[in-house]
Amino acid sequence: MTMASGRMFWSLLLVMSTLAFAKGSLVFEDCGSNQATIDSVSVSNCTKLPCQIKRGSQMHLNVSFTPKVSINSAKVKVYGIVHGINIPFPVSPEDACKNSGLHCPLSPGTTANYHYSLDISNDFPEISVIIKWLILQGKVDVFCFEISALLI
C-alpha cells in the first residue's frame, strides 16, 4: 500500500466511522428482509450490543428502511429468542401503519421511518435475549432484524 492510498484508506475509515456513530445505528442481523432494505436500527440508550435494557422502562426503537415494493398494509411481530426458542411478545397496535410514523401505502425507493415504544415489565427476568422484530405484508417479511439484548 502506498502512502497516498494508505492515507485515503484511513480517511475513508474515519469518515465511515463518524457517519455510523452520528446515525446511532446498531449492528443488527437481517433475518429475511424481502420487501425492503433496512438502512439503520437504533434503540434508546443503546450504542453497542448487547443493548442493556432496564426492566420497568420503555425501549424506544427506530428503524429507517427503504421499501423495494409498494407497502399497502403491514403487521408487527416481535419475538424474544431465549435458548433458541421464539417466544411471541404481544405488541399493540399490531398494525404497523398506525401510530408508528408510517403512512401506508409506502412507495418503493422512498425512505420510511418506523418508530415503536415497548414497555419492559419489571416482571421479566434478568436475562440475555435476542429481540427479533418483523414487519409483514401478508405473510411476506417487509423487513426482519435481530439484535442482542440484556434485560437488567
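Residues numbered from 1 in each chain as written. Predicted model: local features only at pLDDT ≥ 70, side-chain atom pairs only at ≥ 80, totals over all residues. Heavy atoms only, no water.

Q: An account of the overall build of the chain is requested, with residue identities and associated values reported.
A: Looking only at helices and strands, the chain features one helix and nine strands. Counting from the amino terminus, the chain carries its helices and strands in the arrangement α-β-β-β-β-β-β-β-β-β. By the burial criterion, 35% of the 152 residues in the chain qualify as buried. Considering only intrachain contacts with a sequence separation of at least 6, the fraction spanning at least 24 residues in the chain is 66%. (Helix = DSSP H or I, 4+ residues; strand = E, 2+ residues; numbered from the N terminus. Buried < 20%, exposed > 50% of the residue type's maximum accessible area, 1.4 Å probe, protein only. Contact = heavy atoms within 4.5 Å.)

Q: I'd like to hear about unusual backbone geometry, residue by residue, with values.
A: P50 follows L49 through a cis peptide bond whose omega is -5°. Inspection of the secondary structure puts P50 in the loop between β2 (36-43) and β3 (51-53). Cis geometry marks the peptide bond from C104 to P105, where omega comes out at 5°. Summarising the element assignment, P105 is placed in the loop between β6 (85-89) and β7 (112-120). Located in the positive-phi region is H83, a residue other than glycine, with phi close to 55°. With respect to the secondary-structure elements, H83 resides in the loop between β5 (75-82) and β6. Judged by relative accessible area, which is 78%, H83 ranks as exposed. Unlike most non-glycine residues, N99 shows phi in positive territory, near 55°. You can see N99 is positioned in the loop between β6 and β7.

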